[in-house]
Amino acid sequence: MKIYAFYYNESDARVFAKESINQEAAALLKRKGYKKHHFEVEALSAQEAIAKLKKNDDDYLNELKDYSDDLLFVGLAGIATFFKVF
């Protein structure tokens, strides 16, 4: 298995085996406007690495949705309690 790193810019994303990115390659990507994604993954292929990144992103978005739904419920309950008191 290899470790894969992701680089992205405004309109594109790329995946590379981490071992293939040396300082020169990283500098070239930076000059082209790419930034390194914080997520790295161990996978058998680039396609598997992309699937793992997508799953990680989906899980993160679901956690944010659950959190915001909980905050909405608490906020609505607080408003209802406020109006019930007054």
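A few points on the structure. (Residues numbered from 1 in each chain as written. Predicted model: local features only at pLDDT ≥ 70, side-chain atom pairs only at ≥ 80, totals over all residues. Heavy atoms only, no water.)

1. A look at the nonpolar core
Counting 8 residues, the largest nonpolar core is built from Tyr-4, Phe-6, Ala-17, Phe-39, Val-41, Ala-43, Ala-49 and Leu-53. Those elements giving two or more residues to this core turn out to be strand E1 (2-8), strand E3 (35-43) and helix H2 (46-85). In terms of residues, this core owes the most to one element, E3, which gives 3 residues. Excluding residues within four positions of it along the chain, Ala-49 makes contact with Tyr-4, Phe-6, Val-15, Val-41 and Ala-43. Within the second largest apolar cluster, 5 residues are counted, among which are Ala-5, Ile-21, Leu-29 and Tyr-34. (Core = buried A, V, L, I, M, F, W, Y, C linked by side-chain atoms within 4.5 Å. Buried < 20%, exposed > 50% of the residue type's maximum accessible area, 1.4 Å probe, protein only. Helix = DSSP H or I, 4+ residues; strand = E, 2+ residues; numbered from the N terminus. Contact = heavy atoms within 4.5 Å.)

2. Points about the pattern of salt bridges
Throughout the structure, instances matching the rule amount to 7 salt bridges. The partner of Lys-2 in a salt bridge is Glu-19, and the shortest N-O contact between them spans 4.0 Å. Linking Lys-2 in strand E1 with Glu-19 in the loop between strand E2 (13-17) and helix H1 (23-31), this pair joins segments that are 17 residues apart in sequence. Residue Glu-19 is classed as exposed on the basis of its relative accessible area, which comes to 66%. Measuring nitrogen to oxygen at the nearest pair gives 3.0 Å for the salt bridge that ties Glu-40 to Lys-18. With Glu-40 in strand E3 and Lys-18 in the loop between E2 and H1, the pair connects residues that are 22 residues apart, well separated along the chain. Using a relative accessible area of 39% as the deciding quantity, one classes Lys-18 as partly exposed. (Salt bridge = Lys/Arg side-chain N within 4 Å of Asp/Glu carboxyl O.)

3. Examining the environment of Lys-35
Looking at where Lys-35 falls in the secondary structure, it is placed in strand E3. Looking at Lys-35, the relative accessible area reads 53%, which means it is exposed. The spatial distance from the C-alpha of Lys-35 to the C-alpha of Asn-9 is 6.3 Å, given a sequence separation of 26 residues. With sequence-adjacent residues up to four places away left out, Lys-35 is seen in contact with Phe-6, Tyr-7 and Tyr-8.

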